[in-house]
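Listed below are the residues making up each chain.
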Amino acid sequence: MCAARRPTVGLDFGTSTTLVASTRGLIPIGNDTTFPWMPSLVGYADDGTVVAGENAQHLPDGQLARSIKRSITEGRDFVRIDVPTGAKDIRTDALITELLREAGRRGARRGRDIGVGSLVRLGCPAMWDGRQRRRLLGAAQRADLPVVLATMIDEPVAAGIAWLDRQRVHTGRPLRIVVFDMGGGTLDLAVLDVRGANHKDVSVLAALGIAEAGDDLDEAIAADLDIELAKAGIDIDAIENQPRARVWLRDAARTTKELLSSNDEEPIVLSPQVFGRAAEIWYTRGQLNEVFMPHMERAEDAVGLALMIARITESAKSAYEIARMPMDLLVQGVDVVLLSGGMCRIPYVRQRLEWLFESSTKVELAMDPPENAVVVGLARAGDYGTINMYRPAFDVLLEWNRGQEFRTVYEAFTPLVERSQIARGEDDLRYTRNGRDLSLPRNGKGKLRVVSYSGERLRATIGSRNLDGFPVALSDEKFGFSIYPDGRIRMTDGAGTFEGRVDDWHRLDAE
Ligand SMILES: Nc1ncnc2c1ncn2[C@@H]1O[C@H](COP(=O)(O)OP(=O)(O)OP(=O)(O)O)[C@@H](O)[C@H]1O
Ligand SMILES: [Mg+2]
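Residues numbered from 1 in each chain as written. Chains lettered and ligands numbered in written order. Predicted model: local features only at pLDDT ≥ 70, side-chain atom pairs only at ≥ 80, totals over all residues. Heavy atoms only, no water.

Visitor: Lay out the packing of helix 5 (residues 214-231) against helix 6 (residues 242-259) with the relevant residues and their values.
Guide: Two elements in contact, helix 5 and helix 6, have axes separated by 8 Å at closest approach and are oriented at 110°. By the criterion of interaxial angle, the relationship of helix 5 to helix 6 is roughly perpendicular. Every pair of crossing elements has a handedness; the one defined by helix 5 and helix 6 is right-handed. Residue-level contacts link Gly214, Leu217, Asp218, Glu219, Ile221, Ala222, Leu225, Asp226 and Leu229 of helix 5 to Arg246, Leu249, Arg250, Ala253, Arg254 and Lys257 of helix 6. (Axes fitted to C-alpha atoms, helices over the stretch in contact; angles between N-to-C directions. Helix = DSSP H or I, 4+ residues; strand = E, 2+ residues; numbered from the N terminus. Parallel < 35°, antiparallel > 145°, perpendicular 65-115°, else oblique. Left-handed = near helix turned anticlockwise from the far one by under 90°. Contact = heavy atoms within 4.5 Å.)

Visitor: Give a detailed account of the nonpolar core, specifying residues and quantitative values.
Guide: The biggest cluster of nonpolar side chains holds 94 residues, and the ones touching the most others in it are Phe180, Met182, Phe275, Phe357 and Phe481. Per element, the largest residue contribution to this core is 14 residues, and it comes from helix 8 (residues 285-314). When near neighbours in sequence (up to four residues on either side) are disregarded, Phe180 contacts Leu187, Asp188, Leu189, Met296, Ala299, Val303, Leu338, Leu339, Ser340, Cys344, Val349 and Leu353. Core analysis: the next-biggest nonpolar cluster, separate from the first, contains 39 residues, Leu137, Ala139, Ala140 and Ala412 among them. (Core = buried A, V, L, I, M, F, W, Y, C linked by side-chain atoms within 4.5 Å. Buried < 20%, exposed > 50% of the residue type's maximum accessible area, 1.4 Å probe, protein only.)

Visitor: Could you give an account of the domain arrangement of the chain, naming the residues involved and the relevant values?
Guide: Segmenting the chain into domains produces domain 1 (8-151), domain 2 (169-212 + 291-370), domain 3 (214-289) and domain 4 (394-510). Between the C-alpha centres of domain 1 and domain 3 the distance comes to 29 Å. Contacts between domain 1 and domain 3 engage six residues on the former and six residues on the latter. Both sides of the domain 1 and domain 3 interface together cover about 410 Å² of buried area, and 24% of this is carbon and sulfur. Counting the surface domain 1 buries against domain 3, the share from its top three residues, Ser16, Arg66 and Arg70, is 71%. (Domains from an automatic or database assignment. Buried area = accessible area lost by both parts, 1.4 Å probe.)

Visitor: I'd love a proper account of the site of ligand 1, names of residues and values included.
Guide: As a structural note, the neighbourhood of ligand 1 is formed by 21 residues, with Thr15, Ser16, Thr17, Glu258 and Ser261 the closest of them. The backbone of Ser16 places a nitrogen or oxygen atom 2.6 Å from an oxygen atom of ligand 1. In this structure, an oxygen atom belonging to ligand 1 sits 2.8 Å away from a side-chain N or O atom of Lys257. If ligand 1 stood free it would expose 660 Å²; the protein chains cover 92% of that surface. By residue number, the principal contributor to the shell around ligand 1 is helix 6, which donates three residues. Looking at side-chain class alone, the shell around ligand 1 contains two nonpolar, 12 polar and seven charged residues. (Near = heavy atom within 4 Å. Polar contact = N/O pair within 3.5 Å; in protein donor to acceptor, adjacent residues only side chain to side chain. Areas by Shrake-Rupley, 256 points an atom, 1.4 Å probe, with all protein chains shown as cover. Nonpolar A, V, L, I, M, F, W, Y, C, P; charged D, E, K, R; others polar.)

Visitor: I'd like a rundown of the sheet that holds strand 7 (residues 64-65), residues and numbers included.
Guide: Spatially, the three strands line up as an open sheet ordered 6-5-7, and their pairing is antiparallel. What marks the edges here is a single partner per strand, and that holds for strand 6 (50-52) and strand 7. Against the sheet, helix 2 (residues 92-111) touches strand 5 (42-44), strand 6 and strand 7, its axis set at about 55° to strand 6. (Pairing = 2+ DSSP bridges.)

Visitor: So what about the pairing of strand 14 (residues 201-210)? Which residues, and what values?
Guide: The buried count for strand 14 comes to nine of 10 residues, which makes it a mostly enclosed element. With nine bridges connecting them, strand 13 (residues 187-195) and strand 14 associate as antiparallel partners. Residue pairing in the sheet places Asp193 in a bridge with Ser203 of strand 14. In this structure, the hairpin formed by strand 13 and strand 14 is closed by a connection of five residues, where Gly196 is found at a positive phi of approximately 95°. The pairing of strand 14 with strand 19 (residues 385-388) spans four bridges and is parallel. Opposite Val204, over in strand 19, you have Asn388 as the bridge partner.

As structure tokens, this is what we get:
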């Protein structure tokens, strides 16, 4: 189960910050070597050179790509940037490559661990599909980082590993963990079932996310500040350089948000250069909590969905029944909720989660500070066996004509259960494809092929034989292929119906 045994370095390419760690701990890659992280900023300097990290921080907004990771989450290929010849659409992947190259360079200079024979393990948001994962991988490869898809793991899973790795007492009892990783761009959630004598076997029962986190709260606070300014007689729309004022306000919103994690109220001192006059307004933690409330409600809905999927993954109970479980039942049996990501410094996050879960559930930081958890877990993940039962790390292909033609029956990292299926209250939840969807030939002979990304061969059977190489009687009408969240596989072809399962899923049945 464990991925490659080469010395591993973790690289957490975050929406706001990028961090590097070795198995010995964080490698500071900030500009002045004492600072642990590099801002995930990249842009074009006045002379047309690409600059990344702190060097991009003071570029005019038009020359800068902020939160570039979102381009993968949102499926955007280009970003418009001012270069010396004028505004130009730049490929976002090329900018990501530059940023990763800079992080890798700094890591190698300061950490001794990135180099010949080492392996860089990347994290990615739980919500990313196979294509998005491969996109980041491609950008990292072009930055000359030694990365492979097999070692990429979901960010919240890495945060869970960072916490597990610091536990000195192992009861041997299985642990149920919910990871709540709220960063700048995404909220990533994972429900983990952890087993084994040293709690080294981590099964991912559910991993999902929503693209709403720190950046969105900054926008919401900025909108609130806009109203506060209007009350103070300042109309942003009437300001000469309105775009600049809006950028200023968003930056102020972010700084104020961060300061309000430790203080009850904060002054915002307006820049006379931007606003045409000097003024000061005050913003309180109470105001912030009010603006944050709807975001936290959506976050809690996502937690509920993750818990539902986890139950569907492991339980023989009807999905119909689980989909109707009230929240107070869904939250039962969780040992610990782990907080990861910079946004979890906000006291309101912990407060809401303590209210949501039972009093016997501990709510604690995956690591202190919480924005370090993902990268430290990425570096340590080689010691753990992780299996993602919700987004399995293998492709199933159906090939014929001596492999010259094929269809992807299941693409790695596709969720086995879609949110919409649960919302519709469907029973018999599973991933399924039929011969018509796949435009299969009417007849002929084919074979199933399995491509595993877990670093090991997938042990899966069907009709008492290996899934890989299983013969298929092609039929566009009859062919059907399903994978159930508990690991069962069912295939119908021109010759009949065959059942099987993925062996690794059995780990849960051992209890
Ligand atoms: N003290 C603080 N109080 C509140 N928010 C904070 C604090 N420190 C950082 N943040 C916020 O945390 C977010 C960044 O967190 P983090 O570095 O974990 O994100 P990321 O890993 O870059 O993003 P993602 O994981 O979403 O891609 C930003 O929105 C930042 O403003
Ligand atoms: Mg992060």
